[in-house]
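Single-letter residue listing:
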Amino acid sequence: MNIRFSTPHQYVFIHEDVKHLLILWSKEAKKQLFVVEEEGESMTLTYPGETYLETVWAQVEPVFFRRLETEEADFPVVLGATFHFRGQRIGMYYNREQPSGPPYFFRLADGELKDIPDEEYEEVARTFMNEFPEYIQEEKNS
């Protein structure tokens, strides 16, 4: 089954170990958030209600859409997942224009993205792959 929305703005992300689907309707300036439950080949989208939407969006909105500047390019990224590493919340980001490209990891603090020290970066990436192996598999199959 292949489902398409009439907006190009749908984002799947994991926050607090829950998979979500965010749909942005630009004409109405409206957002909808669903909890995604997967069972085999099927997905169930559950609307968790306005209070849940407002709570989750308040937590992720300040860091959801960003621009990264590297030596090679400047490009938009989207939050793909949050997880904890050594007591700190980490955000995994992907390039909006090339979602199957490499992920980028940052420490999330006070609505800001903080660089992860080089000596910890590989361990952070490994922690993400161990916690969300299906996410990496999905990205490779996309």
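Residues numbered from 1 in each chain as written. Predicted model: local features only at pLDDT ≥ 70, side-chain atom pairs only at ≥ 80, totals over all residues. Heavy atoms only, no water.

Trainee: Could you give an account of the overall build of the protein chain, with specific residues and numbers?
Mentor: Broken down by element type, the protein chain carries three helices and nine strands. Along the chain direction, N to C, the helices and strands of the protein chain fall in the order β-β-β-β-α-β-β-β-β-β-α-α. By sequence separation, contacts in the protein chain at least 24 residues apart represent 33% of the contacts at least 6 residues apart. Accessible surface for the protein chain amounts to roughly 9,200 Å². Of this, 47% is attributable to carbon and sulfur atoms. (Helix = DSSP H or I, 4+ residues; strand = E, 2+ residues; numbered from the N terminus. Contact = heavy atoms within 4.5 Å. Areas by Shrake-Rupley, 256 points an atom, 1.4 Å probe, with all protein chains shown as cover.)

Trainee: I'd like a description of the packing of aromatic side chains, backed by residues and values.
Mentor: Taken as a whole, this structure holds 14 aromatic pairs when the rule is applied. An angle of 45 degrees between the planes, with centres 5.6 Å apart, marks the rings of Phe75 and Tyr104 as tilted. You can see Phe75 sitting in strand 6 (residues 74-85) and its partner Tyr104 sitting in strand 8 (residues 104-109), a full 29 residues away along the chain. Assessed through its relative accessible area of 7%, Phe75 is described here as buried. Each ring, one from Phe128 and one from Phe132, has its centre 5.2 Å from the other, and the planes form 45 degrees; the classification is tilted. Phe132 gets classed as buried once you look at its relative accessible area, which sits at 5%. The rings of Tyr11, Phe13, Trp57, Phe64 and Phe65 are connected pair by pair, giving a single aromatic cluster. (Phe/Tyr/Trp six-rings, centres within 6.5 Å; stacked < 30°, edge-to-face > 60°. Buried < 20%, exposed > 50% of the residue type's maximum accessible area, 1.4 Å probe, protein only.)

Trainee: Describe unusual backbone geometry, listing the residues and the values that go with them.
Mentor: Phi angles above zero are rare outside glycine, and Asp17 is one such case at about 65 degrees. Here Asp17 falls in the exposed class, since its relative accessible area comes to 63%. Not every positive phi belongs to a glycine, and Asp110 is a case in point at roughly 55 degrees. Tracing the chain through its elements places Asp110 in the loop between strand 8 and strand 9 (112-114). According to the relative accessible area criterion, Asp110 is exposed, its value standing at 79%.

Trainee: Can you tell me about the confidence of the model for the protein chain, naming the residues and giving the values?
Mentor: The predicted model of the protein chain has a mean per-residue pLDDT of 87, with 89% of residues at 70 or higher. Across residues 138-142, where pLDDT falls below 50, the model places four contacts with residues more than four positions away in sequence or in other chains. (pLDDT = per-residue confidence, 0-100.)

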